[in-house]
Structures are given as C-alpha cells and as structure tokens.
Number of protein chains: 2
Amino acid sequence: MVNATPPERPRGRGRTTMRDVAAIAGVGIKTVSRVINGEPNVSAAKQEAVLAAVAQTGFRRNDSAALLRQGHTSSIGLVLEDAADPFSSALTRSIQDVAHQHGTVLFSASSAEDPVKERDLVLALCARRVDGLIVVPASGSHTYLLPEIDAGMACVFVDRPPDGIEADTVLVDNVGGARAAVEHLVRHGHRRIAFIGDRLEIFTARERLRGYREALAETGIAFDPRLVFNGPAYGEEMPAWLRGMLAGPDPATALFCGNSRFSVEAIREISRAPQRPALVGFDDFELADLLTPGVTVVSQDPFGLGRAAAQLLFRRLNGDATPVQHIHLRTKLIPRGSGEVGP
Amino acid sequence: MVNATPPERPRGRGRTTMRDVAAIAGVGIKTVSRVINGEPNVSAAKQEAVLAAVAQTGFRRNDSAALLRQGHTSSIGLVLEDAADPFSSALTRSIQDVAHQHGTVLFSASSAEDPVKERDLVLALCARRVDGLIVVPASGSHTYLLPEIDAGMACVFVDRPPDGIEADTVLVDNVGGARAAVEHLVRHGHRRIAFIGDRLEIFTARERLRGYREALAETGIAFDPRLVFNGPAYGEEMPAWLRGMLAGPDPATALFCGNSRFSVEAIREISRAPQRPALVGFDDFELADLLTPGVTVVSQDPFGLGRAAAQLLFRRLNGDATPVQHIHLRTKLIPRGSGEVGP
DNA sequence: TTGAAAGCGATACCAC
DNA sequence: GTGGTATCGCTTTCAA
C-alpha cells in the first residue's frame with residue numbers, strides 16, 4: 001500500500017483540449033501543439049507556461065484527432081482464425097512486436113474460420129482506416145477486398161493465400177514439409193502411411209496432402225485413399241476413422257498428421273491401441289518433447305511468419321511498390337522418437 | 001520506437017468522402033450521411049441517387065472521423081504480459097468476443113512484464129481515447145493511471161490487482177486454489193510438500209504461497225523454507241534448486257507448482273529422478289491429461305476471467321457507476337494421477 | 001424533407 | 001517566434 005497524499009487534481013472534468021491548455025498558458029493553440037510535439041521555435045518562457053498548464057490539467061493529446069488530420073492512423077489490423085490457439089497467438093505476438101517498433105498499435109480479431117465474419121471484421125478495420133492489414137484468410141472469396149486495395153489499403157496474407165485476388169503472402173513450405181515428414185517415415189521402413197488432415201477447403205490441408213502424395217510417388221508407394229482422412233479437427237469424426245482404419249485390414253503402420261490438433265488427438269487414440277503406429281506431425285506444439293515417446297514434428301515458425309508478414313507490410317507502408325511478393329518459409333523436421341520406429 | 005510519417009502511398013483513386021458522394025448524387029452531404037447511417041427522412045429518389053453514387057465510387061465511411069465527432073472510439077485496449085502464452089491468448093479471445101458483441105474493436109499489446117513498457121502501452125492507448133482498458137498489470141505502481149481514470153477512462157484489472165490505486169479487478173481465488181491443492185496432497189499422505197512459485201513481486205505468487213502456508217498450518221504441518229522456491233519461471237534456476245532439494249536431506253515427497261510453466265519444467269526434471277514425487281500444478285495446460293501420469297491441476301478459467309472482465313468493463317461504459325468491484329472466480333481441482341500418489 | 005453551418009481535437013500553412 | 005485560419009471527414013444543430 002502507498003501511503004502518500006495525492007496531489008490536488010481537477011476531478012472528473014472530462015478531457016482537456018489543446019485549446020484549454022492554450023487559454024490557461026496564455027498562448028496560441030499552435031504554440032501548445034509545438035511544445036507537445038517537441039517542435040522548435042518556442043521561447044523558453046512560453047514553453048514553460050505550456051508545460052505548467054499541461055501539468056496542471058493533466059492534458060494528453062488526443063491521438064485520434066491528430067491522426068485524422070495527418071491522414072493515417074498508425075494502426076494495423078490483424079484478422080486470424082482464433083486468437084486462443086497457439087499458432088495464432090504466436091503470430092499475434094510477433095506482429096505486435098514489429099508494430100510496436102514502428103510506433104503502431106495493433107487491432108486483433110478472430111474470424112472463427114467463418115468467411116462472413118472475416119469479411120465483416122476486415123471491412124470494419126478498413127472503415128477505421130487502419131494503415132494496413134494482416135489476414136490469415138478463411139476459405140471463401142476475397143474479392144470483397146478489391147475496392148479497399150484499390151483505395152490504397154496495404155494487405156498481407158499469412159499462412160494461406162487469399163482466394164480470387166493477387167496479394168502479398170507469407171506462407172510456409174507446406175509441400176516440402178509434408179514431403180520431409182513422409183520421406184522420414186519411409187526411411188524408417190514404413191510403406192503404409194496414413195495422412196490425417198483438415199478439410200480440403202483449407203489451403204494448408206491441400207498442400208500438405210500434395211506433399212504427402214509427391215513423397216509417396218517418389219518412393220514408389222501406391223496412393224491408397226483408405227489411408228487418407230480429411231475432415232474437421234474437432235469432434236469424433238477423426239478418432240472414429242482412425243480407430244476403424246487401424247482395426248481394419250492392412251492398416252497403416254505410420255501416421256502423418258496434418259496439424260498439431262490432429263497429432264494430439266491421434267496420440268490420444270493410439271496410446272490406447274495395441275499396435276502403436278509411428279507418428280510425425282506437422283506443426284510443433286508445447287510438450288511434444290515431454291510425451292512418451294517424444295513426438296517427431298515438422299516445425300514451422302509462427303513467430304517467424306508473423307515477423308516476416310509484419311515487416312513486409314511495413315515495407316509496403318513505407319512506399320515499397322514492387323510487385324506482389326510471395327514469401328515462403330522453410331520447415332524443419334525435429335525427430336523426437338515417435339517417428340523413428342519401424343513398422 | 002520509430003515514429004516516422006510514412007510517405008504518401010500511391011493510392012488508386014484515393015478515398016472517396018461523403019462530400020464527393022454528395023456532389024455526384026447531387027444532394028447535400030447530410031443526406032448522404034442519413035442514407036449511410038440508415039436514418040429516416042430521406043425521399044426514395046435521393047436515397048437511390050446516393051446509393052448509386054456510393055456504388056460507383058466504392059465509398060466507405062471513415063469511422064475514425066465519425067467517432068471523433070461522436071466523442072468515443074468504440075474501441076477498447078488490452079495490455080497483458082505476453083500475447084503468446086496460453087493464459088493470455090485465452091483471455092484475448094474471450095475479450096475479443098465480448099467486445100465484438102458490443103460493436104467494439106480491440107487493441108492488444110504485450111508488456112513483457114516490464115512496468116515501463118506497460119505504462120507506455122497503456123498511455124498510448126489512452127491517448128487514442130480507447131473507451132476502456134483491460135490490463136493484466138505488471139508489478140510496479142499504477143498511480144500513473146490516476147489522471148486517466150479521473151478523466152473518465154474505464155479500467156478493469158485482470159488476474160492481478162494494480163498497485164497504488166483502487167480499481168475494478170477480476171481475479172481468481174488464488175488462496176483457495178492453493179489451499180485445495182495442498183490439502184489434496186496432504187489427504188494423500190504427504191507431509192513434505194514443496195512450493196515452487198514465481199518471484200514474490202508477482203501478486204499471484206504471493207497469494208498462492210499464502211494459500212500453501214494456510215493449508216500447512218491448518219493441517220498441522222510445520223512450514224519449512226527449504227521446501228520453498230520463489231524465482232523466475234524461465235532459466236535454470238528452478239530446475240537446479242529442485243534437483244538439489246530432491247537430492248538433499250529430508251526431501252519433499254510432493255510438489256505444488258505455482259503455475260503451468262513450473263509444472264512443465266518440474267515434470268521435465270522429476271521424470272529423470274529416481275524417486276518421482278507427487279505433483280499438483282496451479283493452472284491447467286493442454287496435454288496435461290496426455291502425460292504419464294496425467295497431471296493433477298487446480299484449473300482456473302482464463303476464458304471466464306476475460307469474459308467477466310470485459311462484461312464488467314462494458315457495464316461501466318454503459319454508465320454503471322457503482323463502487324469499485326472485486327470479482328473472484330472459483331478454481332477447480334482436476335485429479336489426473338500425478339497428485340493421487342502417496343509419499 | 002433537406003442541407004448549410006458549426007463543431008469534434010488536433011495539424012498544416014502562412015501571414016505577422 | 002507566434003498564432004490565426006483552413007482543414008481532416010464526419011455528425012449535430014437548426015433554420016428553411
């Protein structure tokens with residue numbers, strides 16, 4: 001507890017404006033502006049008077065008003081799927097950091113993977129005239145953004161490309177990562193490898209499936225659709241499928257999981273199975289190393305993704321008008337045990 | 001912090017304003033405003049003319065300008081420790097949702113537990129005239145907020161109370177949760193129970209330590225400072241201490257970990273130990289149920305915390321001027337195995 | 001029903 | 001050095 005007498009202060013009188021400060025200090029409003037913004041050409045006497053008035057009133061500049069006049073907002077918007085998931089929150093954090101370095105604040109919002117909600121959120125941010133936008137796009141057309149982009153809104157898409165428009169993207173090498181995972185399993189003797197991925201509406205699911213198929217083709221393994229699941233990451237659908245597949249004829253001896261949600265659910269399932277298949281997951285997750293066995297993953301770097309996207313966005317905001325860029329980040333296979341067992 | 005004004009972006013057609021639309025539609029600017037805002041008293045003919053002009057120009061209202069005039073911003077600010085950690089990201093998500101229900105957008109920023117950075121971020125948000133503020137306070141005085149609160153800024157603190165000011169708080173029952181954890185271990189026969197908690201600058205660390213001590217006192221167990229660690233959650237300090245304590249004379253047979261970070265680090269450590277102590281952790285974490293054994297935790301509900309804080313904030317924004325409120329949320333012990341083993 | 005004029009709270013420009 | 005005035009894009013007020 002602090003036991004000091006608080007200084008006298010005008011209470012609850014609403015906000016002081018520059019005009020008020022000017023009146024109290026006996027100077028023009030522009031002189032106040034000069035002092036507040038540290039501009040030159042103010043005499044020491046007036047400076048002092050202004051500072052005194054500021055201290056007395058507790059004045060603080062209304063940045064919104066200043067920014068309205070200046071034509072930008074020093075803010076950027078971020079719309080992603082779900083702020084609570086680890087991938088998104090890492091993205092958020094790294095973008096916050098870059099934004100902060102540029103004196104910019106960040107609006108964040110979650111689309112819940114709903115194209116309509118995404119559109120509403122994005123347009124709401126555009127209406128506020130954020131200087132730029134970073135979007136993890138939900139599926140669905142993004143042509144609604146064309147008028148905004150035309151009007152000068154800078155926009156970078158992360159993790160997935162937008163549908164129907166050409167725009168800057170920062171993606172991970174999904175195909176390469178998936179290939180690496182499958183090749184790793186093949187190298188450990190597997191030829192019956194299952195793929196468990198998101199609904200095919202989702203870009204990353206399609207790409208990772210493509211990588212899976214390329215790796216199979218390259219190693220001379222026939223593609224078997226019975227070993228492929230594409231569906232929702234939540235709910236009973238995948239576990240039921242997995243149970244059935246493992247209990248059926250000619251089951252998989254190894255699983256390649258298309259995202260960490262699936263990895264976790266699959267582990268939950270196979271830890272009860274008599275014959276535990278090998279497993280490699282796309283996307284790292286906390287505690288993957290603490291499980292028994294440790295979970296082998298293809299890691300992507302969500303912080304790196306966010307940083308790259310934000311840096312690209314600020315380059316655009318600073319006038320970089322070079323053609324649309326597509327940045328791809330590398331993935332890394334981290335062996336921890338679950339992927340290094342034979343059939 | 002770089003505070004440069006970005007150069008003029010080469011924008012397509014630039015932004016259309018209401019004035020432009022009015023000119024094209026051949027009506028007064030106020031009529032455009034009426035149409036855009038769905039206000040009554042506009043003839044069908046003019047309405048149509050305005051709509052046509054809007055469609056032609058791709059006009060979209062500048063909300064920032066509208067809000068400046070209206071005196072609020074329909075935005076709230078959130079400052080927390082680290083947007084990337086699971087607790088914070090759950091908080092963010094639930095606050096986003098409540099804000100969205102109120103037609104409000106959310107600024108989010110991370111203080112990195114640095115009081116100076118927190119102050120900068122909070123004041124920056126105040127300068128933008130967010131309508132309200134939700135803060136997970138870092139340690140350090142919060143008297144810097146007095147002028148803002150005086151000026152009418154609504155402010156709710158989450159997870160920890162602010163220092164030096166009286167304000168609305170939404171906290172979890174740290175003492176009760178800690179007592180429940182320790183009593184649970186005592187019930188399973190333990191009398192040598194260690195406490196592993198954050199630095200005592202952090203409110204929750206103090207409270208949980210208090211609960212630990214109360215439970216010991218109540219069950220007639222002497223407090224032994226050699227069984228208590230308070231220090232940083234990252235780095236080698238805690239693991240080293242734990243190793244030493246377990247290898248020393250009269251070691252603990254059970255651990256009570258003050259947050260999930262410590263739980264994870266402690267598990268990492270004791271899984272290598274010859275004699276694995278029982279463990280209960282404060283704060284649930286993903287995969288706690290998948291580890292072997294499952295990790296018994298005292299769970300708090302970060303989504304509930306965020307929701308309660310946001311709802312309280314919006315009550316304030318809607319004119320609720322009742323005295324300062326202190327909301328406490330209950331915790332729940334979830335037995336999963338690690339806490340149900342004897343000495 | 002309509003729109004001209006006066007703000008909102010700051011900055012930009014330009015005389016003095 | 002200094003400060004008046006126009007302005008940012010919209011809403012509010014009020015007279016027509």
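Here the structure is shown first, and the text comes after it.
The following refers to the structure shown.

**Details of the overall build of chain A**
Now for step 1: Across its full length, chain A carries twelve helices and twelve strands.
Now for step 2: Here the C-alpha radius of gyration of chain A, 27 Å, is well above what a compact globule of 343 residues would show, namely 20 Å.
Now for step 3: With the principal axes as the frame, chain A shows a C-alpha extent of 90 × 55 × 30 Å.
Now for step 4: Buried residues in chain A amount to 53% of all 343 residues.
Now for step 5: Look at the contacts in chain A between residues 6 or more apart in sequence, and 64% of them connect residues 24 or more apart.
Now for step 6: Just so you have it, chain A exposes about 15000 Å², and 52% of that area is on carbon and sulfur atoms.
Now for step 7: Here chain A holds 38 positive side-chain charges and 40 negative ones, and the gap between their average locations is 6 Å.

**A closer look at the environment of aspartate 150 of chain A**
Residue and element names in this part refer to chain A.
Now for step 1: Its location among the elements puts aspartate 150 in helix α7 (residues 146–150).
Now for step 2: Under the relative-accessibility criterion, aspartate 150 is labelled partly exposed at 40%.
Now for step 3: Distance from aspartate 150 to glycine 281, taken between C-alpha atoms, is 40 Å for residues 131 residues apart in sequence.

**Looking at the interface of chain B and chain A**
Now for step 1: Tallying the contact residues gives 67 residues for chain B and 70 residues for chain A.
Now for step 2: Buried area between chain B and chain A, summed over both chains or domains, comes out near 6100 Å², and the portion from carbon and sulfur atoms is 52%.
Now for step 3: Contact with chain A buries surface across chain B, with Arg15, Arg128 and Arg129 of chain B losing the most and accounting together for 12% of the total.
Now for step 4: Taken together, the links from chain B to chain A amount to ten salt bridges.
Now for step 5: Salt-bridge contacts for aspartate 82 of chain B lead to arginine 93 of chain A; the nearest nitrogen and oxygen are separated by 2.6 Å.
Now for step 6: On the surface where chain B and chain A come into contact, there are 28 residue pairs in polar contact (both at pLDDT 80 or more).
Now for step 7: Secondary-structure elements contributing two or more residues to the side of chain B that touches chain A are α4 (63–70), α5 (86–101), β2 (105–110), α6 (115–127), α7 (146–150) and α11 (260–270) of chain B.
Now for step 8: For the side of chain B that touches chain A, the residue count by class is 32 nonpolar, 15 polar and 20 charged.

**A word on the pattern of salt bridges**
Now for step 1: What the rule picks out here adds up to 58 salt bridges over all chains.
Now for step 2: Among the ionic pairs, glutamate 265 of chain A bridges to arginine 261 of chain A, the shortest N-O distance being 3.1 Å. Taken together, the positions of glutamate 265 of chain A and arginine 261 of chain A, both in helix α11 (residues 260–270) and four residues apart, correspond to about one turn of that helix.
Now for step 3: Classification of glutamate 265 of chain A by relative accessible area gives buried; the value is 17%.
Now for step 4: We classify arginine 261 of chain A as partly exposed; its relative accessible area is 21%.
Now for step 5: Put simply, arginine 268 of chain A and aspartate 289 of chain B hold a salt bridge, and the shortest N to O gap is 2.6 Å. On the criterion of chain membership, the pair formed by arginine 268 of chain A in helix α11 and aspartate 289 of chain B in the loop between β9 (278–282) and β10 (296–299) is interchain, its members lying in two chains.
Now for step 6: Residue arginine 268 of chain A is classed as partly exposed on the basis of its relative accessible area of 21%.

**Observations concerning the relation of the copies chain B and chain A**
Now for step 1: Superposing chain B onto chain A requires a rotation of 180° together with a translation of 0.0 Å along the rotation axis, leaving an RMSD of 0.1 Å. Taken together, the turn and the small shift mark the pair as related by a two-fold rotation axis. Nearest to the rotation axis, the C-alpha of phenylalanine 107 of chain B is located 2.2 Å from it, this being the minimum over chain B.
Now for step 2: When the interface residues of chain B are mapped onto chain A, 90% of them are again interface residues, pointing to one common binding face.

**Quick word on the pairing of strand β6 (residues 193–197) of chain A**
Residue and element names in this part refer to chain A.
Now for step 1: Burial of β6 is extensive: five of the five residues sit out of reach of the surface.
Now for step 2: Burial along β6 is two-sided: Ile193, Phe195 and Gly197 and Ala194 and Ile196, pointing in opposite directions, are all buried.
Now for step 3: Pairing geometry for β6 and strand β8 (residues 254–257), over four bridges, is parallel. Paired with isoleucine 196 across the two strands is cysteine 257, which belongs to β8.

**What about the packing of α5 of chain B against helix α12 (residues 302–317) of chain B?**
Residues and elements named next belong to chain B.
Now for step 1: Remark: α5 packs on α12, axes separated minimally by 7 Å, with the N-to-C direction vectors making an angle of 40°. Classed by the angle they form, the pair α5 and α12 counts as oblique. Note on packing geometry: the crossing formed by α5 with α12 is right-handed. Touching Phe87, Ala90, Leu91, Arg93, Ser94, Ile95, Val98 and Ala99 of α5 are Pro302, Phe303, Leu305, Gly306, Arg307, Ala310, Gln311 and Phe314, all from α12.

**Some thoughts on the protein's contact with DNA strand D**
Now for step 1: Among the 24 residues in the neighbourhood of DNA strand D, the closest are listed as Thr31 and Ser43 of chain A together with Met18, Lys30 and Arg69 of chain B.
Now for step 2: Those atoms of DNA strand D that come within 4 Å of the protein belong to sugar or phosphate at a rate of 64%.
Now for step 3: When residues of the surface near DNA strand D are traced back to their parent elements, those giving at least two are α2 (29–36) and α4 (63–70) of chain A together with α1 (18–25), α2 (29–36) and α4 of chain B.
Now for step 4: Residue contributions to the surface near DNA strand D peak at four residues, all from α4 of chain B.

**What to know about the protein's contact with DNA strand C**
Now for step 1: Near DNA strand C you find 26 residues, and of these Ser33 and Asn62 of chain A together with Thr31, Asn41 and Arg69 of chain B are the closest.
Now for step 2: Protein-adjacent atoms of DNA strand C, using a 4 Å cutoff, are sugar or phosphate at a proportion of 63%.
Now for step 3: In this structure, serine 33 of chain A approaches DNA strand C through a side-chain N or O atom, which is 2.6 Å from a phosphate oxygen.
Now for step 4: Within the side chain of arginine 69 of chain A, one N or O atom sits 2.7 Å away from a base oxygen of DNA strand C.
Now for step 5: Mapped by element, the contributors of at least two residues to the surface near DNA strand C are α1 (18–25), α2 and α4 of chain A together with α2 and α4 of chain B.
Now for step 6: By residue number, the principal contributor to the surface near DNA strand C is α4 of chain A, which donates five residues.
Now for step 7: Within the surface near DNA strand C, the residues separate by chemical class into eight nonpolar, nine polar and nine charged.

**Focus on the nonpolar core**
Among soluble globular proteins, nonpolar side chains are generally buried collectively.
Now for step 1: In terms of nonpolar packing, the biggest core is built from 139 residues, with Tyr212, Leu255 and Phe256 of chain A together with Tyr212, Leu255 and Phe256 of chain B touching the most fellow members.
Now for step 2: No other element matches the eight residues that helix α12 (residues 302–317) of chain A contributes to this core.
Now for step 3: Listed in part, the 38 residues of the second largest apolar core include Leu121, Val135 and Phe157 of chain A together with Cys126 of chain B.

**Details of α11 of chain B**
All names here are of chain B.
Now for step 1: Here α11 lies mainly inside the structure; nine of its eleven residues are buried.
Now for step 2: Turning to α11, its buried residues are Ser260, Phe262, Ser263, Val264, Glu265, Ala266, Ile267, Glu269 and Ile270.
Now for step 3: Contact partners of the buried residues in α11: β6 (193–197), β7 (228–230), α10 (237–247), β8 (254–257) and β9.
Now for step 4: At the N-terminal end of α11, a side-chain oxygen is found 3.0 Å from the backbone nitrogen of arginine 261, two or three residues along, and the residue is asparagine 259.

**Quick word on unusual backbone geometry**
Now for step 1: Omega for the bond connecting threonine 292 of chain A with proline 293 of chain A falls within 30 degrees of zero, at -5°, which places this linkage in the cis form.
Now for step 2: Mapped onto the elements, proline 293 of chain A comes out in the loop between β9 (278–282) and β10 (296–299).
Now for step 3: A positive phi angle is found at alanine 112 of chain B, which is not glycine, with a value near 55°.
Now for step 4: Mapped onto the secondary structure, alanine 112 of chain B falls in the loop between β2 and α6.
Now for step 5: Its identity is not glycine, yet arginine 129 of chain B carries a phi of approximately 60°, on the positive side.
Now for step 6: Here arginine 129 of chain B shows up in the loop between α6 and β3 (132–135).

Rules and cut-offs
Residues numbered from 1 in each chain as written. Chains lettered and ligands numbered in written order. Predicted model: local features only at pLDDT ≥ 70, side-chain atom pairs only at ≥ 80, totals over all residues. Heavy atoms only, no water. Helix = DSSP H or I, 4+ residues; strand = E, 2+ residues; numbered from the N terminus. Rg over C-alpha atoms; globule rule 2.2 N^0.38 Å. Buried < 20%, exposed > 50% of the residue type's maximum accessible area, 1.4 Å probe, protein only. Contact = heavy atoms within 4.5 Å. Areas by Shrake-Rupley, 256 points an atom, 1.4 Å probe, with all protein chains shown as cover. Lys, Arg positive; Asp, Glu negative; His and termini not counted. Charge placed at Lys NZ, Arg CZ, Asp CG, Glu CD. Buried area = accessible area lost by both parts, 1.4 Å probe. Salt bridge = Lys/Arg side-chain N within 4 Å of Asp/Glu carboxyl O. Polar contact = N/O pair within 3.5 Å; in protein donor to acceptor, adjacent residues only side chain to side chain. Nonpolar A, V, L, I, M, F, W, Y, C, P; charged D, E, K, R; others polar. Least-squares fit on C-alpha atoms with pLDDT ≥ 70 in both. Pairing = 2+ DSSP bridges. Axes fitted to C-alpha atoms, helices over the stretch in contact; angles between N-to-C directions. Parallel < 35°, antiparallel > 145°, perpendicular 65-115°, else oblique. Left-handed = near helix turned anticlockwise from the far one by under 90°. Near = heavy atom within 4 Å. Core = buried A, V, L, I, M, F, W, Y, C linked by side-chain atoms within 4.5 Å.

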